Amino acid sequence: MTKEENRFSARASRYLKVGASVGGVATRIAGERLFGREHDGARGAAELTAALGGLKGPLMKVAQLLSTIPEALPAEYARQLSQLQSAAPPMGPAFAKRRMVAELGPNWAERYRSFDLNAAASASLGQVHRATDNDGRALAVKLQYPDMASAVEADLTQLRAIFAIHARFNPAIETTGILAEIAARLREELDYEREASHTRLYAHIFADDPSVRVPEVVAQLSTKRLLTMTWLDGKPLLDYKVAPMEDRNAIAQAMFRAWWFPFSHYGVIHGDPHLGNYTVFPTPDQTKPAPASGDSTAPALPAPGGINLLDYGCIRTFRPQFVGGVVDLYRGLLANDRDRIVSAYETWGFSGLSNELIEALTIWARFIYGPLLDDRERTIAEDTSPGEYGRQEAFTVHRILKEKGPVRIPREFVFMDRAAIGLGGVFLHLGARQNWYRLFNGMIDDFDLDTLAGRQREAFALAGVPLPE
């Protein structure tokens, strides 16, 4: 048996163990409820996290996503699961050779000047290798792990079990739409041809923007499970946590634009604002070194010229009407116009809303939109750590939804909410201070639904991206 087969035998074994552990937690909760005993949420959360912690795969990404959606899971579970890591240990050179032969044929190595068989980075579904083509161009070659379709389906089965646990707590939200949305996005991430189309879409959107760089897809060296792009050099974003405020703010402005401009002008978001999906490229002249927070002993950082936007597996596209609802909700909150606020919720797909549920949704909306409503320079959340971002608001929403719910969450809301929380967390890591109100209004001042729809049709057709249903 090969190392690769051995590795996946072990992975399959872990899936079985996780399934048994998740089932055990669910059975114990059922027994507690049957005999009228109070469920120890902290204990159950710790047991579930321990069960999942040994498995590197798609479920880790899902667990982190669920931790950002109020009431998708009990608070104790959300807090524990948010600590899970999505990175997987890389597979070795033997795997890389086999995958390259399978995708490009036995003479694949002749198509590269060099190819590093040791992974430069790894994640939940695949890993990236550095290479150079025969013209000397630096490349990033993304290889999908074997049998990932089976792994994703196995993880979705475990997710249903996790939701079943939550259902025993009289949940405040109905999770059917959440499960359907997560399943659709995970399955899309397996299709590297779709990811290539998404990358081309973002390259089109930012073609004339010097602050956001997008890799170029090398189509002749790409397949459904192999994606080759140009390599973008840059420094990790967190290296700039100790840089002068001016530089951190410049990075934050580029990131804000990289996220909100595609959404407000094309109806598309980068749905995985993970710290590892951004790197910082320097200014062209390199004339302004940035010593780390005045510390002369720390290595100087180059002044940031902008961000490299990496990894287009988790891209969410939206109907123009949904984007219009986001803009309407913002303007309704700004003017305290309840009718416009409720209309925006209904545009998104919320239905049967009582006054109490509208109140709960608006508490969360004011949290998400809060920095954008405040016309002053500030951090995203004053005196809040990234790990606690949104916790207090989520607790208040929990109390109301527990009494007045459940509420059905529209599918389009799931990744919009997750990405907004993730982006805010990145800004908190940077400690950036901006007038977010003015940045956001600069994005939507000329917003027009018909104009967006026409722009979306043209750009999506050019990149080969299907229009959102």
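Going along each chain's sequence as written, the residues are numbered from 1 onward. At least 70 in pLDDT is required for a residue's local features to be given in this predicted model, at least 80 for side-chain atom pairs to be given and counted, and no such filter applies to totals for whole chains, interfaces and linings, which use all residues. Each side-chain value is derived from all of the structure's non-hydrogen atoms; neither hydrogens nor water enter the calculation.

### A few points about the environment of Pro-244
Moving on, step 1. Every helix listed is a DSSP run of H or I at least four residues long, and every strand listed is a run of E at least two residues long, numbered separately from the N terminus. Within the fold, Pro-244 resides in the loop between β8 (235-236) and α9 (245-266).
Moving on, step 2. Spatially, the C-alpha atom of Pro-244 lies 9.6 Å from that of Ala-303, the residues being 59 residues apart in sequence.

### Quick word on the confidence of the model for the chain
Moving on, step 1. pLDDT is a per-residue confidence score from the predictor, ranging from 0 to 100. Across the chain, pLDDT averages 81, with 71% of residues at or above 70.
Moving on, step 2. Considering each helix and strand of the chain separately, the mean pLDDT is smallest for strand β11 (residues 289-290), with a value of 53, and largest for helix α16 (residues 449-463), with 98.

### What about the pattern of salt bridges?
Close approach of charged atoms allows side chains of opposite charge to pair.
Moving on, step 1. We count a salt bridge whenever a side-chain nitrogen from Lys or Arg sits within 4 Å of a carboxyl oxygen from Asp or Glu. For the structure on display, the rule yields 20 salt bridges.
Moving on, step 2. Its salt-bridge partner being Arg-194, residue Glu-188 comes within 3.4 Å of it at the nearest N-O pair.
Moving on, step 3. With a 1.4 Å probe rolled over the protein chains alone, any residue whose accessible area is under 20% of its type maximum counts as buried; one over 50% counts as exposed, and the rest are partly exposed. By relative accessible area, which is 16% here, Glu-188 ends up buried.
Moving on, step 4. When its relative accessible area of 26% is taken as the criterion, Arg-194 is described as partly exposed.

### Looking at the sheet that holds strand β6 (residues 212-213)
Moving on, step 1. What makes two strands pair is DSSP finding at least two bridges between them. Spatial ordering of the open sheet is given by β6-β13-β10-β8, a layout of four strands whose pairing is mixed. Where the open sheet ends on each side, the last strands, each with one partner, are β6 and β8.

### Re helix α12 (residues 355-373)
Moving on, step 1. Between its first and last C-alpha atoms α12 spans 23 Å; for 19 residues at 1.5 Å apiece the expected length is 27 Å, and the helix comes up short by more than 12%.
Moving on, step 2. Of all the bends in α12, the largest measures some 40° and sits at Phe-367, one to four residues before the proline Pro-371.
Moving on, step 3. Among the residues making up α12, those that are buried are Leu-357, Ile-358, Ala-360, Leu-361, Thr-362, Trp-364, Ala-365, Phe-367, Tyr-369, Gly-370, Pro-371 and Leu-372. Helix span is expected to be 1.5 Å times the residue number reduced by one. A residue's bend is given by the angle between axes fitted to the 7 residues ending at it and the 7 residues starting at it.

### Here's the deal with the nonpolar core
Moving on, step 1. Here the nonpolar core consists of buried residues drawn from Ala, Val, Leu, Ile, Met, Phe, Trp, Tyr and Cys, with membership extended through side-chain atoms lying within 4.5 Å. Of all hydrophobic cores here, the largest spans 108 residues; its most connected members are Tyr-112, Met-255 and Trp-260.
Moving on, step 2. Every residue pair with non-hydrogen atoms within 4.5 Å of one another is taken to be in contact. If we ignore the near neighbours within four places in the chain, the residues touching Trp-260 are Val-326, Leu-372, Met-416, Leu-423, Phe-440 and Met-443.
Moving on, step 3. Core analysis: the second largest hydrophobic core is formed by five residues, Tyr-192, Val-217, Leu-227 and Met-229 among them.

### With respect to the packing of helix α8 (residues 192-205) against α16
Moving on, step 1. Structural elements are reduced to axes, namely lines fitted to C-alpha atoms, with helices fitted over the stretch in contact, and the angle between N-to-C directions of any two is expressed from 0 to 180 degrees. Their axes nearest at 8 Å, the elements α8 and α16 cross at an angle of 130°. Here α8 lies oblique to α16, going by the angle between them. The hand of the α8/α16 crossing is right-handed. The residues of α16 that touch α8, namely those facing Ser-197, Arg-200, Leu-201 and His-204, are Ala-459, Phe-460, Leu-462 and Ala-463.
Moving on, step 2. In terms of residue class, the contact of α8 with α16 is built from five nonpolar, two polar and one charged. An angle below 35 degrees is treated as roughly parallel, one above 145 as roughly antiparallel, one from 65 to 115 as roughly perpendicular, and anything else as oblique. By convention the crossing between two helices is left-handed if the near helix lies anticlockwise of the far one by an angle smaller than a right angle, and right-handed if it lies clockwise. Residues are grouped as follows: Ala, Val, Leu, Ile, Met, Phe, Trp, Tyr, Cys and Pro are nonpolar; Asp, Glu, Lys and Arg are charged; every other residue, Gly included, is polar.

### Points about unusual backbone geometry
Moving on, step 1. Located in the positive-phi region is Asp-147, a residue other than glycine, with phi close to 60°.
Moving on, step 2. Here Asp-147 shows up in the loop between β4 (138-144) and α6 (148-167).

### Looking at the packing of aromatic side chains
Moving on, step 1. Pairing of aromatic side chains requires ring centres within 6.5 Å, counting the rings of Phe and Tyr and the six-membered ring of Trp. Pairs whose planes differ by under 30 degrees are stacked, by over 60 edge-to-face, and all others tilted. Applying the stated criterion across every chain, the model contains 25 aromatic pairs.
Moving on, step 2. Summarising the aromatic geometry, the rings of Phe-256 and Trp-260 are spaced 6.3 Å apart at their centres and angled 40° between planes, so their arrangement reads as tilted. Of this pair, Phe-256 and Trp-260 both sit in helix α9, four residues apart, which is roughly one turn of the helix. Taken individually, Phe-256 and Trp-260 each receive the classification buried, so the pair is uniform in this respect.

### Topic: helix α11 (residues 338-348)
Moving on, step 1. Of all the positions in α11, only Ile-341, Val-342, Ala-344, Tyr-345 and Trp-348 are classed as buried. Axial view of α11: buried residues confined to an arc of 155°, hence all on one face. For α11, the exposed residues set more than 90 degrees away from the buried face come down to Asp-339 and Glu-346.
Moving on, step 2. Looking at the packing, one finds that the buried side of α11 touches α10 (320-335), α12 and α14 (411-430).
Moving on, step 3. Under the rule applied, a polar contact is a pair of N or O atoms within 3.5 Å (in protein, one hydrogen donor and one hydrogen acceptor; residues adjacent in sequence only if both atoms are side-chain atoms). Looking at where α11 begins, the residue whose side-chain oxygen comes 3.3 Å from the main-chain nitrogen of Asp-339 is Asp-337. The arc in question is formed by the directions pointing from the helix axis toward the C-beta atoms.

### Re the pairing of strand β7 (residues 226-230)
Moving on, step 1. When you tally the buried positions in β7, you get five out of five residues, the bulk of the element.
Moving on, step 2. A two-sided burial pattern is seen for β7, the buried positions comprising Leu-226, Thr-228 and Thr-230 on one face and Leu-227 and Met-229 on the other.
Moving on, step 3. Pairing analysis gives five bridges linking β4 to β7, with the strands arranged antiparallel. Pairing of Lys-142 across the sheet is with Leu-227, part of β7.

### Comments concerning the pairing of strand β10 (residues 278-282)
Moving on, step 1. Within β10, four of the five residues are buried, which leaves the element mostly enclosed by the surrounding structure.
Moving on, step 2. Note: β8 against β10, two bridges, orientation antiparallel. In the sheet register, Pro-236 faces β10, and the bridge partner there is Thr-279.
Moving on, step 3. Where β10 lies against strand β13 (residues 304-309), five bridges are found, and the strand directions are antiparallel. Bridge assignment links Val-280 to a residue of β13, and that residue is Ile-307.

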